[in-house]
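Chain and residue survey
The chain contents come next:
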Amino acid sequence: MKSQLIKLTSLAALSLVMFACGGKDSKKEAKAVAAVAETSKTKTLEIEKPQLTFGFIKLTDMAPLAIAKEKGFFEDEGLFVSVEAQSNWKNVLDRVIDGQLDGSHMLAGQPIAAGAGFGRQADLVTPFSMDLNGNGITVSNDVWSKMKPNVPTGEDGKPVHPIKAEALKPVIADYKNSGKAFKMGMVFPVSTHNYEIRYWLAAAGIHPGMYTAENVQGQIDAEVLLSVTPPPQMPATLEAGTIYGYCVGEPWNQQAVFKGIGVPVTTNYDIWKNNPEKVFVMTKKFVEENPNTAIAVTKALIRAGKWLDEPGNRAEAVKILSMSQYVGADEAVLANSMTGTFEFEKGDKREMPDFNVFYKYNATYPFYSDGIWFLTQMRRWGQIPEAKPAEWYAETIKDIYRPDIWKKAADLLVEEGHIPASDVPTTDGYKPATTDFIDGKTYDAKDPIAYINSFSIGNKDKAVQ
């Protein structure tokens, strides 16, 4: 379905041509134009900037962008969108800030860090959360062979999940005793992946290192040296022996299984059930100058998320994502996680219906509490170098996460019949406190200081006035 504006323009032009040629069907065409105007569900906003270019990294969680384009949801809103793959997360951030991209698939931590004082500073906003879950931690075959004896097995002889990092602890000790540093990869210093692998390690008493102004690699006191590798390069870097494991999004964990070079040992669903993952980001300036465009983009992306979570659509989504202009991975690799399963050891494929969530559980809503979690981890590991009062966390995230834009978009979709009213949450922007973490810790976004202080490894903060 094209946008109402496009339909009206196209049909009106056709009518004029037929009339000029003396066509007898001009009255019929006029009726067709009127019919389109009356029956079109989508109410096209007055778009300030219809030609847009969005960026993404080749990961399955860019899917809402691909689907919004391929299924015509952008066009329904009067938007003409180019979607372009980017080389790495720094490039994504820089190109959005510099205006070369109008918006992008981005790590949730990137707009937050940009507004909180870590790395390049800019005013960025997030009106849309792209997905929940979707990451895994993979180790090399050699590391897995040494971990496996430490992992409990079930009656079927298979490892019991979730696998905790306690199983890795003696392996790290062996490396240290032989004079070798234990090295693992993650995709960016403010990525979910960095915080998830740190959380997983620290929950087992393994220190993943601290950041300071002098040590931007975050390796002070580290028992595991974490370094940055772009997602598509993870399997090759593991195979080369440069790193012994990594945390990354799909399809790059399943690619290691497919190639026989590594074994995923846990997913971020097990580290934090239904955790937020990527977000869609634009500059504050773009949103202020193009408010209707921002709402229209959000509408199209919400519809894409809904389409992705509707039963029966994942097989088609896999075909779309396998296209070279999107993720470009084999359909078999993408299907391993996108169709409700996840393969750990080769042949150990398990049901995991919520590994990739794009719409359920209010996945598209940019909750303040999700953003504050990232701020707590930045403070925990020293990326935010000084203690902040609890109010700072709430005030900072409200400048970045924009549920007001999401709500305007969702209300229009309800009015148009694209989503039910029950899918619009009644919320103050905060999820209830949760213990859905691998270590059972309680996270209450309204008490970030207590959460930071609950960990044995990492910074501790006194209440700051």
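Residues numbered from 1 in each chain as written. Predicted model: local features only at pLDDT ≥ 70, side-chain atom pairs only at ≥ 80, totals over all residues. Heavy atoms only, no water.

Attention now goes to the pattern of salt bridges. Any two side chains of opposite charge can pair if their charged atoms end up close together. Counting across every chain of the model gives 25 salt bridges. Here arginine 350 ties to aspartate 348 by a salt bridge, and the two come within 2.9 Å at their closest N and O atoms. Salt bridges here are not isolated pairs; linked through shared partners, they connect Lys90, Asp94, Asp98 and Arg120. (Salt bridge = Lys/Arg side-chain N within 4 Å of Asp/Glu carboxyl O.)

Attention now goes to the nonpolar core. In summary, soluble globular proteins display a tendency toward joint burial of nonpolar side chains. Counting 89 residues, the largest nonpolar core has Met147, Leu168 and Phe182 as its most contacted members. Split by domain, the residues of this core number at least three in each of domain 1 (51-132 + 276-366 + 401-426) and domain 2 (136-271). When residues no more than four places from it in sequence are discounted, the contact partners of methionine 147 are Val139, Ile163, Ala167, Leu168, Val171 and Val265. Ranked by size, the runner-up nonpolar core spans 52 residues in total, among them Ile47, Ala296, Tyr365 and Ile405. (Core = buried A, V, L, I, M, F, W, Y, C linked by side-chain atoms within 4.5 Å. Buried < 20%, exposed > 50% of the residue type's maximum accessible area, 1.4 Å probe, protein only. Domains from an automatic or database assignment. Contact = heavy atoms within 4.5 Å.)

A separate point is the domain arrangement of the protein. On domain assignment, one finds that the protein holds domain 1 (51-132 + 276-366 + 401-426) and domain 2 (136-271). Averaged C-alpha coordinates put domain 1 and domain 2 at centres separated by 26 Å. At the interface, 35 residues of domain 1 touch 34 residues of domain 2. Approximately 2700 Å² of surface area, both sides summed, lies buried where domain 1 meets domain 2, with 66% of it carried by carbon and sulfur atoms. Three residues, Val333, Phe344 and Glu345, lead the burial of domain 1 against domain 2; their summed loss comes to 21% of the area buried on that side. Here domain 1 and domain 2 share 2 salt bridges between them. Between aspartate 348 and lysine 158 there is a salt bridge whose closest N-O contact spans 3.9 Å. Across the contact surface, domain 1 and domain 2 share 10 residue pairs in polar contact (both at pLDDT 80 or more). (Buried area = accessible area lost by both parts, 1.4 Å probe. Polar contact = N/O pair within 3.5 Å; in protein donor to acceptor, adjacent residues only side chain to side chain.)

Before going further, it helps to examine the packing of helix H3 (residues 63-70) against helix H14 (residues 291-309). Axis angle and axis distance: for two packed helices, these are the angle between their axes and the distance between the axes, and together they describe the pair. Where H3 meets H14, the axes come as close as 8 Å, and the angle between the chain directions of the two elements is 100 degrees. Considered as vectors, H3 and H14 are oriented roughly perpendicular to each other. Across the interface between the two elements, Ala63, Pro64, Leu65, Ile67 and Ala68 of H3 pack against Ala300, Leu301, Ala304, Trp307 and Leu308 of H14. Residues of the contact of H3 with H14, tallied by class, amount to 10 nonpolar, no polar and no charged. (Axes fitted to C-alpha atoms, helices over the stretch in contact; angles between N-to-C directions. Helix = DSSP H or I, 4+ residues; strand = E, 2+ residues; numbered from the N terminus. Parallel < 35°, antiparallel > 145°, perpendicular 65-115°, else oblique. Nonpolar A, V, L, I, M, F, W, Y, C, P; charged D, E, K, R; others polar.)

The linkage connecting histidine 161 with the following residue, proline 162, adopts the cis geometry, with an omega of 5 degrees. Structurally, the position occupied by proline 162 is in the loop between helix H7 (141-147) and helix H8 (169-177). A positive phi angle, near 65 degrees, is found at aspartate 221, a position not held by glycine. Structurally, aspartate 221 can be placed in the loop between helix H9 (192-203) and strand S8 (225-228).

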